[in-house]
Amino acid sequence: MRFKIDHDLHIHSKLSFCSNNPEQTAENILKYAEERNFSTICFTDHMWDTARIPTKDDFYENQCFEYICQSLPLPQSDKVKFLFGCETDFNKDFVLGIAKETMEKVDFIIVPLNHFHMGGFTCRGGESSEELAELVIKRFDALLDMDLPFEKMGIAHFSDACVESRYYRALALIPDSEYRRIFSRAAEKGIGIELNMEVEHMTGEYKDAILAPYFFAKEVGCKFYLGSDIHSPRRIGQVMDRFNMAVDLLGLTEDDKFIIGK
Ligand SMILES: [Zn+2]
Ligand SMILES: [Zn+2]
């Protein structure tokens, strides 16, 4: 059975500093989900657990756990389960921005390994494609080495990039054997792999590099979930096209689906 497009597990609310759109409310997102017959959605605002893991980073210092909790309680409906999650981060010293006790208070935790636009925080800044290719795999290994509740965690937008072509070229430099190795580890740990690609990225110049990691992930048994990463209602119109294209290109079935907690 074809992978059902019945969820969106990466959504920002108006609380995320990079959203800052008053229309991005829980009520509007619930409506978005109902109109598309989704059964599960999740708020994943940017979050660094500042009270327990101090940071001086400008972007994260005030986007702490207590701050994103302002979304609670989330509205629910008969058809849609609205989960409370977060998009935390992994800094250049391989520190994850969420404490153990906080993990117990969220339904889902997504971790971006490639927020490489945040030079000085997640990386040195200005790395070459060769360096990024090594760094993203090193960060992936470091995360998988940790003792974490992987059954309720996902790797956010592995092949999407705020550093554009520099990162896409990096993806093309990662050897097939490395992709197989790292995603085999991910499959073994049970962490979900997010599908988050834009239509223009799945059809453009770098499409092979952008899609390759997911083909390897599928081959070695990883499970996938869909995440739109929408920060404002402006991009809602493209979501179903993006999700359908990703599912079709990868030929996903319901067996390939990541279920939180399973
Ligand atoms: Zn992100
Ligand atoms: Zn995001």
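Just above sits the structure.
These numbers come from a predicted model, not from an experiment.

How each quantity is defined
Residues numbered from 1 in each chain as written. Chains lettered and ligands numbered in written order. Predicted model: local features only at pLDDT ≥ 70, side-chain atom pairs only at ≥ 80, totals over all residues. Heavy atoms only, no water. Pairing = 2+ DSSP bridges. Helix = DSSP H or I, 4+ residues; strand = E, 2+ residues; numbered from the N terminus. Axes fitted to C-alpha atoms, helices over the stretch in contact; angles between N-to-C directions. Expected span 1.5 Å × (residues − 1). Buried < 20%, exposed > 50% of the residue type's maximum accessible area, 1.4 Å probe, protein only. Contact = heavy atoms within 4.5 Å. Donors = N, O, S within 2.8 Å, 3.2 Å for Na, K, Ca; no water.

Caption draft 1: Representation of the sheet that holds strand β7 (residues 224-226) in the model. With parallel pairing, seven strands are arranged side by side in an open sheet as β1-β2-β3-β4-β5-β6-β7. The strands lining the two open edges of the sheet, one partner per strand, are β1 (7-11) and β7. The mean angle between the axes of side-by-side strands here comes to 30°, regardless of whether they run parallel or antiparallel. Of the strand pairs in this sheet, strand β3 (residues 81-87) and strand β4 (residues 108-112) are connected by three bridges, and their pairing is parallel. Pairing of C86 across the sheet is with I109, part of β4.

Caption draft 2: Just helix α5 (residues 129-145), in detail. Between its first and last C-alpha atoms α5 spans 24 Å; for 17 residues at 1.5 Å apiece the expected length is 24 Å, and the two agree. Where burial is concerned, most of α5 is hidden: twelve out of the 17 residues are buried. Within α5, the full set of buried residues consists of S129, L132, A133, L135, V136, I137, R139, F140, D141, A142, L143 and L144. For α5, the secondary structure elements touched by its buried residues are β4, β5 (153-156), α6 (165-173) and α7 (176-189).

Caption draft 3: Looking closely at the coordination of the zinc ion (ligand 1). Bound to the zinc ion (ligand 1) on the protein side are E87 (OE), H115 (NE2) and H157 (NE2), at distances that span 2.1 to 2.2 Å. Mapped onto the sequence, the donors of the zinc ion (ligand 1) take the spacing E-x27-H-x41-H. In this structure the zinc ion (ligand 2) is found 3.6 Å away from the zinc ion (ligand 1), and E87 serves as a bridging donor for the pair. Placement of the pair is E87 in strand β3 and H115 in the loop between β4 and α5, with a sequence separation of 28 residues. A relative accessible area of 1% places E87 in the buried class.

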